[in-house]
Structure formats: structure tokens, C-alpha cells
Amino acid sequence: MSVATVSYEDALQRYEPVFGLETHVELGTRTKMFCGCVQAFGAEPNSHTCPVCLGLPGSLPVVNRLAIEYAIRIGLALNAAIASWCRFARKNYFYPDMPKNFQISQYDEPLCTDGYLDVLVGGRTVRVGIERVHLEEDTGKSLHIGGATGRIQGAEYSLVDYNRAGIPLVEIVTKPVPGTGYGAPEVAKAYVTELRDMLRTLDVSDVRMEEGSLRCDVNTSLSVRGSGVWGTRTETKNVNSLRSVERAVRSEIERQAAVLDAGDRVIQETRHFHEDSGVTTSGRSKEEAQDYRYFPEPDLVPVAPPPEWVAEIQASLPELPSARRARLLAAWSLSDLEFEALRNAGALDVVEETVAAGASPADARKWWLGELARRANDSGVDVSELPITPEAVARVAELVASGSLNDQLARQVIDGVLEGEGTPDEVVAAHGLAVVSDDSALLAAIDEAIAANPDVAARIRDGKVQAAGVLVGAVMKATRGKADAARVRELIMQRLAS
Ligand SMILES: [Zn+2]
């Protein structure tokens, strides 16, 4: 069934979106959640399995202490309360890539509850409430062979790889986020971005969305503006890029608005997001908690982290992105929007290192967000991947500040460094790229330019000073761009005034 959609702008006229996110994060522990098997992405299928993670009869799980510690780190960083006592629960369902036919998860006793994450978006801060953070194990992976799409439909047969089964997962569930209106898709994306940066800073996961170590399910609902009644939500599964988070929320808003406009009701269900078309399609109707027949996991003892241990973990937390933001905003005198531009360009680290190497914050930002961002964009890489160090950029900025280079020459120096010709000083020496600061050398070139353009010189003498640009251009050309244009103009005016 195809459903007409309404435009995003139209939908927002009549409806208020509410979204929420459930994010699964594979923890970067060396071994799995309940056994000693080593985690290895991309390894030979089924080469990292044992009786425990294959769910063989008689095998018993043992909790990975480091996974508990990582989950507590995440909970503390999200300002959540850490349970002094909690249990794992069995979540019963059948899935071919889940060897035990149940998943060990947490249900009504999560490890962390009631936190928040502040998200900077469009120059304002939105506080996203965190409902819970709990631990569970990942499933295996099914591979469907012989079909055109890689999906089960049309496949000749399927294979299962249990290497992923039992990898520790943390699920981070937000509270519903109302009140973001038109910006809802953008706020959802900004939340995942902030969460990813935070997890990376905590060093608990490699947070690679493209490899599935960070996966999002996006809940979306609409309420009729002014009604105060929240609508039925849908859950869009496994949205696997930051851009897709934004698109999935947007597409659900448009689809649900059309359903409601037609007088139908939104069905509570899971939906699948399609990268290619940017729309969601119906999956299965959503299970209720009771369908999973949760009960406390009888093979594991409760988890009771001692308060001293939690305090120790708290004390060991690194500077989190929100604290870093506050520090840099003040130190560099930036606006929220300027900070966002740096962060969105992936240039925070390199700019900070360039400032540490001696450049002014303004110079560091100018080079990384300008010239270097352009080069990175041309080569299809992140700025931080360019073959130039923050120290080299700081040195280029210093050479410009001291007058040894002008911006045009500095760009040539950067070219040389990017092409592997050495440090900025080596490139300057090899190509003779210093600004000609010797006035006598400049005056010789100026006299030549005046002699070659007598009519221009006459106009300047008559007071048409804007004509000086022609002479400045001629001198810059004669010195192959190595002159300080402002100084050249000054000398020309002096010459013609005498
Ligand atoms: Zn195992």
C-alpha cells in the first residue's frame, strides 16, 4: 500500500513531533559479555565461539567485569543514578541468530537510570532526558545468500555467524523528547552525534556506525498541535548513520501526518528505514513487554557495584565533550554557532592542537575551516586525515603573522607540505617562498611598473587613487606574488607623490 505524504512544512503546521532514541553500543571489551571468547570484527565466521555463547546445554555464563565498569562509566557520564543492586533478566524470543532462544538483558532493574545529555544544536542547548542504560548481549548475524538484495526474501539459503553472539551491548534509552518542533530531526541527529563523541571520549567503544558498533532505533510520534495528547509511536529499526537518523525522523513525520490527515490511525509497529529512498516501510507489529516473558536470569548472581568502586570510576572519567565545549567557548571567545561549525567540520582536535602549538585560536580556525577544509573536501577525507600536522599549520600561521609569508604564499607552502615536501620551513627554503620585504627590491619593480604604465601613473597623480590597483597587480606579478600588497601600495603612493 502506498501512502501519500504531506510536505514536512505542512505536517509541522498541524502536528507536534515527539521522538525518542534507543541506541545500542557494542562495548570495546577484549572478550564477550558472558564468556572468554575474544571479540573480532570481520573474523572467519564462527571462529570466536564457545559452549557459552553458542548456548550449549550445561554451559554457564559469567559476567564480564569490565563491561559492567564501562556501563557505569557511560551512566555516570550521562548524569544517571547507578543502581547499588540489580539483576539480569531473560528476554525470551526465537531468532535464528540467537543461539539460546533467549537474550540475557536487563528489564525492570537496569544498571543506570534517570540521566540527561545536553545537546548543542543551532546555537541552543536542548536537554535530552535519559530513561535508562542497561547491559545485554548482542545476537549473531544472519547472511542471506543468493538473492539480489541480501535480504531473506528471494534468498536460496541463509548462513549464521555466531562471532557477534554474546558481545556486550549497552542500550541507552532516552525519555521522549517533545517541544523541538521543526528542528526535531536535527536535534535527534545532534543527540546521536553528541552521544557518539561522548562514548569515544570515554573509550568504551569504537562507535563505528558503519560496522554496527553503534546502532539506533528511532521512535517517532505526532500529536495534534494544541491537543496535549501524544500520538501512537512507531519504532524505526537499525538506523545506521547520523544522516539517516535525521532522515528517518523527518520521513516518519511526513508519513504519519498523511495517515492522520486521511483520518486513519498510526499503527504501533517497527519500521525499516531504507537508505536509498529515505523512507520507512512497515516491519512487524510491536511486541509488548509481556510477549518476551521476562524473568530474572537464574544463572547469574545480581550485580552490586560497591559505592567506592563507582566513586573511583567517577573520579577517573576524562573531560567530557560538554565540559570541553564550555572550556573552549570561553578560552577562544566563540559563539555556540562558531563552535558547532568547528565540531561539524571534525576540526576540534586539530584546532586545539594547533593552538597548543602556538597559533592564535582565530588563525587556527581560519586555516582549518578555510583552506584545509577545502583541500579535505576536494580529496574526500576528513580534515584530521590530511597529511599536515597541527604544528605545521601553527608554523605557517606564525610565518604569516611575522610578515614572512602572505596568504597566497602560505597556501603554496601548505601545498608543499601536503605533497610531502617537508616542514613549512623546508618548503619555504626549497621554493624561495618568502615575502620580499626589502623595499629597494620592491622599488625597482615599482619603477618598472610605473614606466610601463605612464597613463595609469598620470591618473593616480591626478588623484584617481583606485587606479593604483593596476600597478600593485603588475608588481605582484613581477615578484611572483612574493610581495606584501599593502606595502607595495604604500610605496607606489609615496613614489607618485614626490
Ligand atoms: Zn564464547
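This structure is a prediction, so every number in the text was calculated from the model and none was measured.

The rules behind these values
The residue numbering used here restarts from 1 in each chain and proceeds along that chain's sequence as written. Given that this is a predicted model, residues contribute local features only at a pLDDT of at least 70 and side-chain atom pairs are listed and counted only at 80 or more, while totals for whole chains, interfaces and linings are drawn from all residues. Water and hydrogen atoms were dropped before computing side-chain values, which therefore reflect all heavy atoms in the structure. By nonpolar core is meant a set of buried Ala, Val, Leu, Ile, Met, Phe, Trp, Tyr and Cys residues that side-chain atoms within 4.5 Å join together. Summary of the burial criterion: residues with accessible area below 20% of their type's maximum are buried, those above 50% are exposed, and those between are partly exposed, where the area comes from a 1.4 Å probe applied to protein chains only. Only DSSP runs of H or I reaching four residues or more are called helices, and only runs of E reaching two or more are called strands; each is numbered from the N terminus. The contact criterion used is simple: two residues touch if any of their non-hydrogen atoms lie within 4.5 Å. Patch membership needs two things, relative accessible area over 30% and no salt bridge, and members are linked within 9 Å if like-charged or within 5 Å if nonpolar (Val, Leu, Ile, Met, Phe, Trp, Tyr). Using the Shrake-Rupley algorithm and a 1.4 Å probe, accessible areas are obtained, with residue cover drawn only from the displayed protein chains. Throughout this description, the term salt bridge denotes a Lys or Arg side-chain nitrogen within 4 Å of a carboxyl oxygen of Asp or Glu. Only N, O and S atoms count as donors, using a 2.8 Å limit from the metal and a wider 3.2 Å limit for Na, K and Ca, and since water is excluded some coordination spheres may look unfilled. Every geometry call rests on angle ranges, with four donors termed tetrahedral when all angles are between 85 and 135 degrees, four termed square planar and six termed octahedral when opposite donors are over 155 degrees apart and all others are between 65 and 115, and everything else termed irregular. When DSSP locates at least two bridges between a pair of strands, those strands are taken to pair. Stacked, edge-to-face and tilted labels apply to pairs of Phe, Tyr and Trp rings (six-membered ring for Trp) whose centres lie within 6.5 Å, assigned for plane angles under 30 degrees, over 60, and everything in between, in that order. Charge-over-ring contacts are defined here by two conditions on Lys NZ or Arg CZ: a distance within 6 Å of the ring centre and an angle within 35 degrees of the ring normal. Contacts described as polar in this section are N or O atom pairs within 3.5 Å, which, within protein, must combine one atom able to donate a hydrogen with one able to accept it, while residues neighboring in sequence count only if both atoms come from side chains. Boundaries of every domain are those given by an automatic assignment or by a domain database. Every angle, taken between N-to-C directions, lies between 0 and 180 degrees, and every axis is a line fitted to C-alpha atoms, over only the stretch in contact when it is a helix. Left-handed is the label given to a crossing in which the near helix is rotated counterclockwise from the far helix by less than a right angle, and right-handed is the label when the rotation is clockwise. Think of it as three bins: nonpolar holds Ala, Val, Leu, Ile, Met, Phe, Trp, Tyr, Cys and Pro, charged holds Asp, Glu, Lys and Arg, and polar takes everything else, Gly as well. Note: the arc covers the axis-to-C-beta directions of the helix. One less than the number of residues in a helix, times 1.5 Å, gives the span that helix is expected to have.

A closer look at the nonpolar core
Buried together is how nonpolar side chains tend to be arranged in soluble globular proteins.
For step 1, the next point in the chain: In terms of nonpolar packing, the biggest core is built from 77 residues, with I74, L135, I172, Y191, M198 and L199 touching the most fellow members.
For step 2, the next point in the chain: Per-element tally for this core: the top contributor is helix α3 (residues 184-202), with ten residues.
For step 3, the next point in the chain: Excluding its chain neighbours within four sequence positions, the residues that come into contact with M198 are I74, A77, L78, L117, L320 and P321.
For step 4, the next point in the chain: Among the nonpolar cores identified, the runner-up in size contains 37 residues, and L328, L329, V427 and V428 belong to it.

Thoughts on a nonpolar patch on the surface
For step 1, the next point in the chain: A surface patch of nonpolar side chains, amounting to about 280 Å² of accessible area, comprises L143, Y157 and L159.
For step 2, the next point in the chain: In this fold, L143 is placed in strand β7 (residues 141-145).

Here we look at unusual backbone geometry
For step 1, the next point in the chain: One non-glycine residue, N46, adopts positive backbone phi at about 60 degrees.
For step 2, the next point in the chain: With respect to the helices, strands and loops of the structure, N46 is situated in the loop between β1 (15-26) and α2 (65-77).
For step 3, the next point in the chain: The residue N238 is not glycine, and still its phi comes out positive at about 45 degrees.
For step 4, the next point in the chain: Taking relative accessible area as the criterion, N238 reaches 42% and is therefore assigned partly exposed.

Comments concerning the coordination of the zinc ion
For step 1, the next point in the chain: For the zinc ion, every protein donor is listed as C35 (SG), C37 (SG), C50 (SG) and C53 (SG), and the spread of their distances is 2.3 to 2.4 Å.
For step 2, the next point in the chain: Between the four donor atoms coordinating the zinc ion, the angles at the centre fall across 101 to 115 degrees, so the site counts as tetrahedral.
For step 3, the next point in the chain: Along the chain, the residues that donate to the zinc ion are spaced as C-x1-C-x12-C-x2-C. A residue pair is termed long-range when its members are at least 10 positions apart, and C37 in the loop between β1 and α2 and C53 in the loop between β1 and α2 qualify at 16 residues.
For step 4, the next point in the chain: Residue class for C37 comes out buried when judged on its relative accessible area of 10%.
For step 5, the next point in the chain: For C53, a relative accessible area of 4% gives the class buried.

Digging into the pairing of strand β3 (residues 89-92)
For step 1, the next point in the chain: Neither face of β3 is left uncovered, since the one carrying A89 and K91 and the one carrying R90 and N92 both have all their residues buried.
For step 2, the next point in the chain: With four bridges connecting them, β3 and strand β4 (residues 102-105) associate as antiparallel partners. The residue of β4 that forms the bridge with N92 is F102.
For step 3, the next point in the chain: Pairing of β3 with strand β14 (residues 295-296), which is carried by two bridges, proceeds in the antiparallel orientation.

Some remarks on the packing of aromatic side chains
For step 1, the next point in the chain: Counted under the stated rule, the structure contains six aromatic pairs.
For step 2, the next point in the chain: Consider the rings of Y8 and Y182, whose centres lie 5.1 Å apart with planes at 65 degrees: the pair is edge-to-face. Pair noted here: Y8 is in helix α1 (residues 8-14) and Y182 is in the loop between β9 (168-174) and α3, with a separation of 174 residues, a long-range link.
For step 3, the next point in the chain: Taking relative accessible area as the criterion, Y8 reaches 1% and is therefore assigned buried.
For step 4, the next point in the chain: An aromatic cluster of at least three residues, connected via ring pairs, comprises Y93, Y95, Y107, Y292 and Y294.
For step 5, the next point in the chain: Sitting above the plane of the Y292 ring, K91 keeps its charged end 4.5 Å from the centroid.

Comments concerning the side chain of R343
For step 1, the next point in the chain: Along the polypeptide, R343 turns up in helix α7 (residues 336-344).
For step 2, the next point in the chain: Only 3.5 Å separates the side chain of R343 from the backbone oxygen of L120, close enough to count as a polar contact.

Things to note about the domain arrangement of the chain
For step 1, the next point in the chain: Assigned domains of the chain: these are domain 1 (8-313), domain 2 (345-431) and domain 3 (439-497).
For step 2, the next point in the chain: For domain 1 and domain 3, the distance between their C-alpha centres works out to 67 Å.

Quick word on the packing of helix α14 (residues 439-452) against helix α17 (residues 485-497)
For step 1, the next point in the chain: In contact at an axis separation of 10 Å, α14 and α17 are set at 60 degrees when each is read in the N-to-C sense. Between α14 and α17 lies a crossing of right-handed hand. Residues D439, L442, L443, I446, D447 and I450 of α14 lie in contact with α17, whose contacting residues are R487, V488, L491, I492, R495 and L496.
For step 2, the next point in the chain: Its residues assigned to classes, the contact of α14 with α17 shows eight nonpolar, no polar and four charged.

Observations concerning helix α5 (residues 307-315)
For step 1, the next point in the chain: Among the residues of α5, those classed as buried are W309, V310 and I313. For α5, the angular spread of buried residues about the axis comes to 100 degrees, placing them on one side. Away from the buried face of α5 by more than 90 degrees, exposed residues P307, E308, E312 and A315 are located.
For step 2, the next point in the chain: For α5, the secondary structure elements touched by its buried residues are α2 and β2 (81-82).

A few points about the side chain of S205
For step 1, the next point in the chain: Tracing the backbone through its elements, the reader meets S205 in the loop between α3 and β10 (214-224).
For step 2, the next point in the chain: Within polar-contact distance, the side chain of S205 engages the backbone oxygen of E26 at 2.8 Å.
For step 3, the next point in the chain: A polar atom in the side chain of S205 sits 3.0 Å from the backbone nitrogen of V207.
For step 4, the next point in the chain: Discounting residues that sit within four places of it in the chain, S205 has contacts with V25, E26, G28, L199 and S213.

Considerations on the sheet that holds β4
For step 1, the next point in the chain: Spatially, three strands are ordered β4-β3-β14 in an open sheet, and the strand pairing comes out antiparallel. The sheet is open, and its two borders are formed by β4 and β14, each paired with just one other strand.

Remarks on helix α11 (residues 390-401)
For step 1, the next point in the chain: Given a rise of 1.5 Å per residue, twelve residues ought to cover 16 Å, and the 16 Å separating the end C-alpha atoms of α11 matches this to within 8%.
For step 2, the next point in the chain: Along α11, the residues classified as buried are P390, A392, V393, A394, V396, A397 and L399.
For step 3, the next point in the chain: On its buried side, α11 packs onto α8 (348-356), α9 (361-369), α10 (371-379), α12 (407-418) and α13 (424-431).
For step 4, the next point in the chain: Immediately beyond the C-terminal end of α11, within one or two residues, lies G403, with a positive phi of roughly 85 degrees.

Some words on the pattern of salt bridges
For step 1, the next point in the chain: Per the counting criterion, the structure on display carries 37 salt bridges.
For step 2, the next point in the chain: Across the salt bridge formed by D299 and R90, the nearest N and O atoms sit 3.4 Å from each other. Residue D299 is located in the loop between β14 and α5, and its partner R90 is located in strand β3; the two are separated by 209 residues in the primary sequence.
For step 3, the next point in the chain: According to the relative accessible area criterion, D299 is partly exposed, its value standing at 35%.
For step 4, the next point in the chain: Judged by relative accessible area, R90 falls into the buried class, the value being 15%.
For step 5, the next point in the chain: With a closest N to O distance of 2.7 Å, E137 and K100 form a salt bridge. Taken as a pair, E137 in strand β6 (residues 124-137) and K100 in the loop between β3 and β4 lie far apart in primary sequence, 37 residues in all.
For step 6, the next point in the chain: Given the relative accessible area of 6%, E137 is considered buried.
For step 7, the next point in the chain: The exposure class assigned to K100 is partly exposed, which follows from its relative accessible area of 21%.
For step 8, the next point in the chain: In the salt-bridge network here, residues are joined through shared partners; they are E319, R324, R327, D349 and E352.

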